[in-house]
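# Observations on chain architecture
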Amino acid sequence: MQIFEYNGSALVAMVGKNCFAIASDRRLGVQLQTIATDFQRISKIHDRLFLGLSGLATDAQTLYQRLVFRHKLYQLREERDMKPETFANLVSAILYEKRFGPYFCQPVIAGLGDEDKPFICTMDSIGAKELAKDFVVAGTASESLYGACESMFKDDMEPEELFETISQALLSSVDRDCLSGWGGHVYLVTPTEVKERILKGRMD
Amino acid sequence: MKLDTTGLESSAPVWGSPSELVDGFSAAPFFELPVTTDFDGFQKEAIQMVKPAKGTTTLAFIFKEGVMVAADSRASMGGYISSQSVKKIIEINPYMLGTMAGGAADCQFWHRNLGIKCRLHELANKRRISVTGASKLLANILYSYRGMGLSVGTMIAGWDETGPGLYYVDSEGGRLKGMRFSVGSGSPYAYGVLDNGYRYDMSVEEAAELARRAIYHATFRDGASGGVASVYYVGPNGWKKLSGDDVGELHYKYYPVMLSTVEQEMVEVAGA
């Protein structure tokens, strides 16, 4: 099997009205065997910036640790949090450093920038940024996710409606993928609060 | 180049002049082979193309009251789920079932072919074919196609004069008689549950629940199994479908969600 499909993953981020949502599945597998059903794929960098990493789980964990280290250094030097756009540049640079021996991950970055404007982007495994205004997807279920998001997405959704949309898109897409699923994890971020919810999904 | 079809010749006696009724069926199906320079290489490629990892879970076991047969219903193409509603338990005739694992087309075709041969046997011998005989017919057919890339991992379960019968037959030409079998990528997980909970003297309900649970656990752990867990029972009066439960719902039935009190954190929100 391909290296990107070794562990299996599904990630999606969507933009709403002054808010964003980022969601992932919860499965960690070794090819077809499911090892864990509570794997954390999305991590908080700071209160208004979240990073999701799909692909090979070991590379995702290592890359995450490196990025947290770099962000903490930035916080010490600049005495403030990184803007999402800056963070995306940082991730892109770190991935390209390993151009000829890459991390087998596809990151999804979602954050609230200046004036609470939501920012989402994804990258391939060597750092090519893809900025989007509506949604970004990554993982083994990405093709299904593209289809689901394309049909379900609407502009300027309120937080509750955005949560419903991203949840339905995630669950229906992972139900067509053998390697991802077993529940869902959604973070809904507005300027004032972060809501974390676990989704009940098909466990097969 | 014509394939050697002597293995396919029907055992039905050829008394009397051949009639139209029997002719179409007793003539063994033959498949034209391609004209290539490198037939071995072609065979290898054909096998690789058709060889999915038998992504499925099927199981069958004999107990005091008869035979219990169960399977999932997912069809996968690599990582993509192509269907969640495939019938993997094939009804050969009213008292015999076959399970499907491996190539769907192969299993469906050869099971139907087996059903035809069984019916011909009944008409020719005025009595039903035994499970032993039916499984041997299928095994011989599959053996003659050994190496050609067929992918079949099936169990023939039925009730005949000697009581319940269960055989495992595969496309490598193997044929095994046994009391408990599970076939497919999810079989290790199903065996774990099945072997642990099995007793010869179970009631039909207990055996059905064991089969259902074993399939459920396999769908939970194996990525290539899922969908609906179907359970069939084969008794002295033939087979009967007992249940077809969606495993997504079975999970929450066996492990209901416990709402736990969550420790809410009050965190300072920066720049609110």
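Here the structure is a predicted model, which is why all the values come from computation and not from measurement.

### A word on the pairing of strand S11 (residues 228-235) of chain B
Residue and element names in this part refer to chain B. Here S11 lies mainly inside the structure; seven of its eight residues are buried. Here strand S2 (residues 66-71) pairs with S11 via five bridges, running antiparallel. Paired with Ala-70 across the bridge in S11 is Val-231. In this sheet, strand S12 (residues 238-246) lies alongside S11 in antiparallel orientation, the contact comprising eight bridges.

### Quick look at helix H4 (residues 131-144) of chain B
Residues and elements named next belong to chain B. In this model, H4 (14 residues) spans 20 Å end to end at C-alpha, consistent with the 20 Å of a helix rising 1.5 Å per residue. Residues of H4 that are buried: Val-131, Ala-134, Ser-135, Leu-138, Ala-139, Ile-141 and Leu-142. Looking straight down H4, one finds that the buried residues subtend no more than 160° of arc, so they occupy a single side. Buried-residue contacts for H4 involve strand S6 (96-99), helix H3 (104-125), strand S7 (153-160), strand S8 (163-170) and strand S9 (175-177).

### Digging into the nonpolar core
If you look at the biggest cluster of nonpolar residues, it comprises 29 residues, and the most contacted ones within it are Leu-59, Phe-61, Phe-63, Met-68, Met-202 and Ala-211 of chain B. At the level of secondary structure, the elements contributing two or more residues to this core comprise strand S1 (58-63), S2, helix H5 (187-197), helix H6 (204-221), S11 and helix H7 (247-254) of chain B. If you tally residues by element for this core, the top one is H6 of chain B, at ten residues. Excluding its chain neighbours within four sequence positions, the residues that come into contact with Ala-211 of chain B are Leu-59, Phe-61, Met-68, Ala-70 and Val-231 of chain B. Core analysis: the second largest hydrophobic core is formed by 24 residues, Val-137, Ala-148, Cys-149 and Ile-166 of chain A among them.

The rules we used
- Residues numbered from 1 in each chain as written.
- Chains lettered and ligands numbered in written order.
- Predicted model: local features only at pLDDT ≥ 70, side-chain atom pairs only at ≥ 80, totals over all residues.
- Heavy atoms only, no water.
- Buried < 20%, exposed > 50% of the residue type's maximum accessible area, 1.4 Å probe, protein only.
- Helix = DSSP H or I, 4+ residues; strand = E, 2+ residues; numbered from the N terminus.
- Pairing = 2+ DSSP bridges.
- Expected span 1.5 Å × (residues − 1).
- Arc of directions from axis to C-beta.
- Contact = heavy atoms within 4.5 Å.
- Core = buried A, V, L, I, M, F, W, Y, C linked by side-chain atoms within 4.5 Å.

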